[in-house]
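If you want the building blocks of each chain, they are given just below.
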Amino acid sequence: MSNISGSSSSSTNVHERGRVVGVPKRCWSGEAIVAKNSKSDHNPNRRYFRCVYAAGNKLMNDNHVFKWIDEALLDEVETMKEFISETMKVEKKMQMELEKKMEMELEKVIFERIEDVKAEFKSRMNKMIIVSVLGCMIIFGLVKLI
Ligand SMILES: [Zn+2]
């Protein structure tokens, strides 16, 4: 059984290399990680992750992976929170971009419709002018004939 003593704060310098964020997957030494129960007076029965090699050889004040499980899980929660907030930021940005794009599309469509209506109106006006001019000419011609 491993004999980790002292609080995590007193071991920060020693465990510099063994410090990890979140749940450790593997020690830098290439060894797997085991979950163990602390037997220390400071942290009785507190669960921790430890390098298999360091645990097997009962190493102390080494720099192999050591991480309290509750702290590791807290890290994971923090990471998840950050991930969620980042994802939400990205989604919000994408939604805003989409809304802007849709607004621009809509503007374009409306503008095109206005142009269409204008063009149609113009061609109708031209037809009306032609028809009335022709009408006038016919009337004028008829008047002349009489
Ligand atoms: Zn190790």
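Scroll up for the structure.
Residues numbered from 1 in each chain as written. Predicted model: local features only at pLDDT ≥ 70, side-chain atom pairs only at ≥ 80, totals over all residues. Heavy atoms only, no water.

Asker: Which parts of the structure should I look at to understand the overall build of the protein?
Answerer: In terms of regular secondary structure, the protein is built from two helices and three strands. Walking the protein from its N terminus toward its C terminus, one meets helices and strands in the order β-β-α-β-α. Counting only residues that meet the buried cut, the protein has 19% of its 146 residues in that class. Partitioning the contacts of the protein with sequence separation of at least 6, the portion at a separation of at least 24 is 50%. (Helix = DSSP H or I, 4+ residues; strand = E, 2+ residues; numbered from the N terminus. Buried < 20%, exposed > 50% of the residue type's maximum accessible area, 1.4 Å probe, protein only. Contact = heavy atoms within 4.5 Å.)

Asker: Can you walk me through the coordination of the zinc ion in this structure?
Answerer: Six octahedral donors around a metal ideally subtend angles of 90 or 180 degrees, whereas four tetrahedral donors ideally subtend 109.5 degrees. Protein coordination of the zinc ion is provided by Cys-27 (SG), Ser-29 (OG), Cys-51 (SG) and His-64 (ND1), with donor distances spanning 2.0 to 2.2 Å. Given four donor atoms and angles of 94 to 115° at the metal, the environment of the zinc ion is assigned as tetrahedral. Read in sequence order, the donor residues for the zinc ion give the motif C-x1-S-x21-C-x12-H. (Donors = N, O, S within 2.8 Å, 3.2 Å for Na, K, Ca; no water. Tetrahedral: all angles 85-135°; square planar, octahedral: opposite > 155°, others 65-115°.)

Asker: Could you clarify how one ought to interpret unusual backbone geometry in this entry?
Answerer: Leaving glycine out, the prevailing phi sign among residues is negative, and the prevailing peptide bond configuration is trans. For Lys-58, which is not a glycine, the phi torsion comes out positive at approximately 50°. Relative to the helices and strands, Lys-58 resides in the loop between helix 1 (52-56) and strand 3 (66-68). The residue Asn-61 is not glycine, and still its phi comes out positive at about 50°. The topology assignment puts Asn-61 in the loop between helix 1 and strand 3. By relative accessible area, which is 63% here, Asn-61 ends up exposed.

Asker: How should I be thinking about the packing of aromatic side chains in this particular structure?
Answerer: Two measures describe an aromatic ring pair: the distance that separates the ring centres and the angle between the ring planes. Taken as a whole and assessed by the stated rule, the structure comprises three aromatic pairs. Between Tyr-48 and Phe-66 the ring centres are 5.2 Å apart and the planes differ by 35°, which places this aromatic pair in the tilted class. Residue Tyr-48 is found in strand 2 (residues 47-51), and its partner Phe-66 is found in strand 3; the two are separated by 18 residues along the sequence. Comparing Tyr-48 with Phe-66 shows no difference in burial state: the two are buried. Ring geometry for Phe-66 versus Trp-68: centroids 5.0 Å apart, planes at 80°, classification edge-to-face. Trp-68 shares its class with Phe-66; the two are buried. Positioned above the aromatic ring of Trp-68, the side-chain terminus of Arg-46 is 4.2 Å from the ring centre. (Phe/Tyr/Trp six-rings, centres within 6.5 Å; stacked < 30°, edge-to-face > 60°. Lys NZ or Arg CZ within 6 Å of the ring centre and 35° of its normal.)

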